[in-house]
Amino acid sequence: MNNDIKEIMLTKEEIDQKVKELGKILADEYRDKNPLVICILKGAIVFMADLLREMDIKCEMDFMAVSSYGNSTESSGVVRILKDLDTTVQNRHVLIVEDIMDSGLTLSHLVELLKQRHAASVKVVTLLNKPERRNVDISPDYSGFTIPDEFVVGYGLDYAETYRNLPYIGVLKPEVYSK
Ligand code: XMP
Ligand code: MG
C-alpha cells in the first residue's frame, strides 16, 4: 500500500497535533451544549474517532452517508443521501465532521438540510480544506489544514475505497489511477 504513495503530505504526527488543537477549541465551544456530532461516512470516520476523544465534554454522535463522487476523483455534482441520521436535529447544536471540503457542494447541501430541520446551530469542521476548488460560497467553520489542489488519500480518505487506513495523508502515484 505504501508503495503506491508518491509523497506524504501530512505525517501522522502533524495530524495528531492538529486534531488535539481542534479538539480543545471545539470542547470549549460546545461545553454544556450537548452537541450532536455528525460523522459523514465514510471519509470522516478516522478523523471523527480521533477528534471526539480529544473533546472532554458530553456529546452525542450520529452518522450520515451521502454520495457525490462515485469511484472517480471528480464531483458528479449530485448529492444523494444514502444513510440519514437516526437522531432528530431539532433544537440541537449540530457539528458536522467531514474529511475534506473540496468544491463545497456536499457540505453546503448538508448544512442547508440540517437548518431546514431546525437545528439550533449548524457548524462544520473539516480536517482538510482545498479552497482552490471551491465553486459554492462556503468555508468550514473549523479546519485542520489548507492543502493544494491534489487528490489525497489516507486517514479516512480513499481512492476507489482503498487507502482509508493509512495513518498519514499522501498523494498517490499517477500510475495508480491509470491501472
Ligand atoms: P465536495 O466537492 O462536495 O467534496 O466539497 C467533498 C467530498 O469529496 C471527496 N474528496 C476527496 N476524497 N481525496 C479523497 O479521497 C481527495 O483529495 C478528495 N477531494 C474531495 C471527499 O469524499 C469529500 O467528502
Ligand atoms: Mg467523503
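Computed from a prediction, not measured in an experiment: that's the story for all the values here.

Rules behind the numbers
Residues numbered from 1 in each chain as written. Chains lettered and ligands numbered in written order. Predicted model: local features only at pLDDT ≥ 70, side-chain atom pairs only at ≥ 80, totals over all residues. Heavy atoms only, no water. Phe/Tyr/Trp six-rings, centres within 6.5 Å; stacked < 30°, edge-to-face > 60°. Buried < 20%, exposed > 50% of the residue type's maximum accessible area, 1.4 Å probe, protein only. Helix = DSSP H or I, 4+ residues; strand = E, 2+ residues; numbered from the N terminus. Lys NZ or Arg CZ within 6 Å of the ring centre and 35° of its normal. Pairing = 2+ DSSP bridges. Axes fitted to C-alpha atoms, helices over the stretch in contact; angles between N-to-C directions. Contact = heavy atoms within 4.5 Å.

A. Structural detail: the packing of aromatic side chains. Overall, the coordinates contain three aromatic pairs when judged by the stated rule. Between the aromatic rings of Phe151 and Tyr159, the centroid separation amounts to 6.4 Å while the plane-to-plane angle is 80 degrees, which identifies the pairing as edge-to-face. Taking relative accessible area as the criterion, Phe151 reaches 23% and is therefore assigned partly exposed. Judged by relative accessible area, Tyr159 falls into the buried class, the value being 18%. Their ring planes at 75 degrees and their centres at 6.3 Å tell us that Phe151 and Tyr177 sit as a pair that is edge-to-face. Of the two residues, Phe151 is situated in the loop between strand 7 (142–146) and strand 8 (152–153) and Tyr177 in helix 4 (residues 174–178); the sequence distance between them amounts to 26 residues. Judged by its relative accessible area of 29%, Tyr177 falls in the partly exposed class. Grouped by ring-pair contacts, the aromatic residues Phe151, Tyr159 and Tyr177 constitute a single cluster. The aromatic ring of Phe145 is capped on one face by Lys18, whose charged end is 5.2 Å from the ring centroid. Just above the ring of Tyr30 sits the side chain of Lys33; from NZ or CZ to the centre is 5.8 Å.

B. A look at the sheet that holds strand 2 (residues 36–41). Spatially, the six strands line up as an open sheet ordered 4-3-2-5-6-7, and their pairing is mixed. The two strands at the open ends of the sheet, each matched to only one other strand, are strand 4 (80–83) and strand 7. For this sheet the average axis-to-axis angle between neighbouring strands, irrespective of direction, equals 30 degrees. As paired strands, strand 2 and strand 3 (residues 60–67) are joined by six bridges and run parallel to one another. Looking at the pairing, Leu36 lines up with Glu60 of strand 3. Against the sheet, helix 1 (residues 12–30) engages strand 5 (93–101), strand 6 (121–129) and strand 7, with an angle of about 160 degrees to strand 7. Across the sheet, helix 3 (residues 105–116) touches strand 2, strand 3, strand 4, strand 5 and strand 6, and the angle it forms with strand 5 is around 170 degrees.

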